[in-house]
Amino acid sequence: MSQEITHIATPTPPNYDDLLVGLNPQQVEAVQTIYGSLLVLAGAGTGKTKVLTSRIANIIAQGSARSWEILSVTFTNKAAREMNERIGVLIGSETGLSWAGTFHSICAKILRRHAELVGLQSSNFTILNNDDQERLLKQILEADNVDVKKNPAKLLLAIIDGWKNKALLPENLTAGDIPDLYNGKAADYYLRYQNRLRTLNAVDFGDLLLLCITLFRKFPEILTDYHRRFKFISVDEYQDTNVAQYLWLRLLAQGHGNICCVGDDDQSIYAWRGAEVGNILKFEKDFNNAKIIRLEQNYRSTPTILRAASEVIAHNSDRLGKTLFSELADDDKITITSHWDGDEEARLMVDKIEDLQKFDSIPLNNMAILVRTSGQMRVIEEKLITCAVPYRVIGGLKFYERQEIRDAMAYLRLVAQPYDDLAFERIINKPKRGLGDAALNIVHQHAKGDQIDYRMALFTASQDILLHDILKPRPRKALKDFIMMMERWQKVAPTMPLHELVEMILEESGYTDMLRLDKSPEAVGRLENLKELVRATQDFENLQGFLEHISLITDTATVTSNQTVTIMTLHGAKGLEFECVFLPGWEDGLFPSQRSMDETGQAGLEEERRLAYVGITRAKKKLFISFAQNRRLYNQWQTTVPSRFIDEIPEDVCNIVNRAYFSKAKHKAENHNMDYLNSNQVETAGWKRAQNQYLNQRTKMLDVPKRSPKTLHVYKVGDTISHNKFGDGIIISVEGERLLIQFDGNIFKNIMVDFVTPKDF
DNA sequence: CGTGCTCACCTTTTT
DNA sequence: GGTGAGCACG
């Protein structure tokens, strides 16, 4: 197994002295502590990545291990890639480490080698995403005549994921683990789900970890092999590990005990997906003779920003405690702005962005807008578009989650993996080929026989059906064509260049034709996306590798040098920094999220506070926090209260703009008895009525229609225009939807039409 | 079998 | 504002 790795040319060893240049004493100590177990408690902006990468380079410089003998684990692909690039630079090798990646990708890599040993049919197993998981569970529930409306599959998925995060297999569940839901049958469904996964030759994210642990426990000789292979282990974002990941690490570190974990308990924001802050809190107990080093000097933010962050986080109880300090020059105070509604908030934010760019010469890619939920992004995007400010969204709707891409992927999956029933179902009638629910039901029946569990894959069942006289002539022909088409692709797939294969499949299946005939405006974009997919496949040797890449990838955002503002969720912003950061939507209920507090109470609130801490500490120089007094959610208005986190920011480090709104909102909140914040406790019908009344009131008050009218204006050169920022102007040219407008002698390009209104309107 | 309509529900956060 | 489910109809 090691031949494939050892052929990499031995890199030039890094110069040991260079590694320590510019490091403070704590950082030096961390870099020099190579052996044994080490926990580096690294506050935000304290040079964590620098220490991690230098430490690994140091191990190599000392000759203690070579680049393929070090395991480096992170949580996101992006972090893994960046880390490995930096290590590569330090150790003078383009490839960096051979074993650097996310928990999941490394587990997948290990499992591919030993798939058969842990009950998988072959090493080309499919990795399912959330969507697939949910559909599978839904089928299982429906097969048991459960009303999926009352007992959503999503909830069951959350429960099962929770078990998997705790490394609990169906047979290990105790009565206390099983919730009083689904007639107490949740554990049965878990077992059935696992069985179904195995027949599909599929794993989910949790399985990647679990099966790896099972493998190590069942086959000690394999574990020993990996002990020999990984002489050193390095873990980033340790505060985000769950029980399964912790067990996995412990197993791997058992041999030599050389493990270094870096983390910050104040930045633990993934409890909802099983992260145990406890892991970092009890590190000393878990690993023998553990050494703890604290990094407390912050090199990122001004003292003002740091102060705000520290004061907010100080309200939390469960902390290891650190005192961050910064020696950077201090200038701006934090700006806290109150707005009437989300629209205004977004508009003024964009105004500010333009000003910062124009007057403070801050490049756009040094600015970020960090939101709590991706739903907040749309309004902001709209305003950015109208003002022609270039932006990029990270997270949100992902490329690989789009319909057409998932359809195309389903074709590919079925070619690679005939057992993949989920893929089969997805594309059996897409494009339409006369195989609707009726036909699909027959295939399902045939695959099941009279049993509850499936005895064969839908694909196999279809082949079988064609051998017998079961279907009527028309669907029979349709199914036959489909199966024969798939079989043909399966045959040629191994020998054909991947991108040609993909193109052929999309053409021959009629999928692209379906889109070409589709006259709806989104069809064009879909075709573009498919082209993009084909382009993406060119980087891959075979179907197998491509599918694995896709199923583990999340961050499609490539680091561009483009001048764009970044919009993303607070969760997505971890590990990043920007000169200016905007934190909109700081309203109780939205942030801190009401749901989080309802579900986990104080613990939920504390996690939200850590999220606030993460948000604040992303800013290097300028920080803007804002909230809206009224916000529209699902097309309905809600009154809101400023976030309690705003109150926790000391007054001497911030300026409050629109103090009138600010206090009015607070006052309103007190008089409303905060009923709306406890909406889940209010009888639904009554609540809706109250909301509608409020909406009507608002509508009358502001004299705005509930839905903005979609009037189409014809703009002509010479028309007078009014613009809410620049006043009156004259249109100089019209190009499609974009206008060239002159205001007071200044010419503005690319103004979108819905940003201006004709004078007489 | 396919399509086009209305309606309810929806939004945390991600590997 | 978007989507999936359910239903009526061709």
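Quantities reported herein were computed from a predicted structural model and do not represent experimental measurements. All chains use their own residue numbering, which begins from 1 and follows the written sequence. Chains and ligands are labelled by the order in which they are written, letters from A for the one and numbers from 1 for the other. Local features in this predicted model are restricted to residues of pLDDT 70 or higher, and side-chain atom pairs are both shown and tallied only at a pLDDT of 80 or more, whereas totals for entire chains, interfaces and linings draw on every residue. Working from all heavy atoms in the structure, the side-chain values ignore hydrogens and water.

Colleague: What is the right way to look at unusual backbone geometry in this model?
Modeller: For residues other than glycine, phi is negative in most cases, and the peptide bonds are mostly trans. Following F591, the chain continues to P592 via a peptide bond in cis, the omega torsion being 5 degrees. As for its position among the elements, P592 is in the loop between strand 15 (578-583) and helix 27 (594-617). A positive phi is found at A167, a non-glycine position, where the angle reads about 60 degrees. With respect to the helices, strands and loops of the structure, A167 is situated in the loop between helix 8 (153-165) and helix 9 (186-199). The backbone of N201 sits at a positive phi, close to 55 degrees, despite the residue not being glycine. Residue placement: N201 occurs in the loop between helix 9 and strand 5 (202-203). Note on conventions: DSSP H or I runs of at least 4 residues are helices, E runs of at least 2 residues are strands, and numbering of each starts at the N terminus.

Colleague: Please explain the sheet that holds strand 8 (residues 291-295) as it appears in this structure.
Modeller: What holds strands together in a sheet is hydrogen bonding between their backbones, with the strands either parallel or antiparallel. Two strands are said to pair when DSSP picks up at least two bridges between them. Ordered in space as 3-2-6-7-1-8, the six strands form an open sheet in which the pairing is parallel. Unpaired on one side and paired on the other, strand 3 (99-102) and strand 8 mark the two borders of the sheet. The mean inter-strand angle of the sheet, taken between neighbouring strand axes irrespective of direction, is 15 degrees. Sheet topology note: the strand 1 (residues 37-42)/strand 7 (residues 259-263) ladder contains five bridges and is parallel. Axis geometry follows a simple rule: fit a line to the C-alpha atoms, using only the stretch in contact for helices, then measure angles between N-to-C directions, giving values from 0 to 180 degrees.

Colleague: Could you clarify how one ought to interpret the pattern of salt bridges in this entry?
Modeller: If the charged atoms of two oppositely charged side chains come close together, the side chains can form a pair. By convention in these notes, a salt bridge is any Lys or Arg side-chain nitrogen within 4 Å of a carboxyl oxygen on Asp or Glu. With the rule as written, the count across this model stands at 37 salt bridges. Between D236 and K48 there is a salt bridge; the shortest N-O distance is 3.4 Å. Taken together, the residues D236 in the loop between strand 6 (232-235) and helix 12 (243-253) and K48 in helix 4 (residues 48-61) connect sequence positions 188 residues apart. The pair formed by D236 and K48 is uniform in burial state, with each residue classed as buried. For E608, the salt bridge is made with R372, and the minimal N-O distance between the two is 2.7 Å. Taken together, the residues span a long stretch of sequence, with E608 in helix 27 and R372 in the loop between strand 12 (367-371) and helix 17 (377-386) at a distance of 236 residues. Categorising residues by exposure relies on relative accessible area from a 1.4 Å probe, with only protein chains included: less than 20% of the type maximum marks a residue as buried, more than 50% marks it as exposed, and the intermediate range marks it as partly exposed. A relative accessible area of 3% places E608 in the buried class. Residues joined by salt bridges that share partners form a network here, namely K48, D236, E237, D240 and K574.

Colleague: Even after reading the chapter, I still don't get helix 4, so can you show me in this structure?
Modeller: Owing to its 3.6 residues per turn, the α-helix brings residues three or four apart onto one side. Compared with an ideal rise of 1.5 Å per residue, which puts 14 residues at 20 Å, helix 4 spans 20 Å between its outermost C-alpha atoms and is within 8% of the ideal. Of all 14 residues making up helix 4, eleven are buried, and the element is well covered by its neighbours. Every buried residue of helix 4 is listed here: K48, V51, L52, T53, S54, R55, I56, A57, N58, I59 and I60. Looking at the residues trailing helix 4, positive phi occurs at G63, about 75 degrees. What a helix should span is 1.5 Å times the count of its residues minus one.

Colleague: Even after reading the chapter, I still don't get the pairing of strand 1, so can you show me in this structure?
Modeller: Taken residue by residue, a regular strand's side chains alternate between the two faces of the sheet. For strand 1, the tally of buried residues reaches six of six residues, placing the bulk of the element in the interior. The alternating pattern of strand 1 places S37, L39 and L41 and L38, V40 and A42 on opposite faces, both of which are buried. The sheet contact formed by strand 1 and strand 8 spans five bridges and is parallel. Looking across to strand 8, one finds that L41 is bridged to R294.

Colleague: Explanation requested: the side chain of S462 in the structure shown.
Modeller: Residue placement: S462 occurs in helix 21 (residues 458-467). In this structure S462 comes out as buried when scored by relative accessible area, which is 0%. Contacts described as polar in this section are N or O atom pairs within 3.5 Å, which, within protein, must combine one atom able to donate a hydrogen with one able to accept it, while residues neighboring in sequence count only if both atoms come from side chains. At a separation of 2.8 Å, a polar atom in the side chain of S462 contacts the main-chain carbonyl oxygen of L458. Contacts of S462, omitting those with residues within four sequence positions, involve F424, V443, L479 and I483. Contacts between residues were defined by any pair of non-hydrogen atoms, one from each residue, lying within 4.5 Å.

Colleague: Please explain the nonpolar core as it appears in this structure.
Modeller: When a protein is soluble and globular, its nonpolar side chains tend to lie buried together. Remark: nonpolar core denotes a set of buried residues (Ala, Val, Leu, Ile, Met, Phe, Trp, Tyr, Cys) joined through side-chain atoms within 4.5 Å. Residues L71, I110, L208, F216, Y238, W248 and L252 are the most contacted members of the largest nonpolar core, which totals 76 residues. For I110, the residues in contact, after removing those within four places along its chain, are W99, C212, L215, F216, Y226 and W248. Counting residues in each nonpolar core, the second largest holds 50 residues, with A410, L501, L533 and L547 among its members.

Colleague: Can you help me understand the pairing of strand 16 (residues 619-633) in this one?
Modeller: Counting buried positions along strand 16 gives eleven out of 15 residues, so the element sits mostly inside the fold. Note: strand 11 (residues 334-341) against strand 16, six bridges, orientation parallel. Within strand 16, the residue paired with T335 across the bridge is F624. Bridging between strand 15 and strand 16 involves five bridges; their strand directions are parallel. Across the sheet, the residue bridging to F578 is A619, located in strand 16.

Read these as spatial facts, not as claims about activity.
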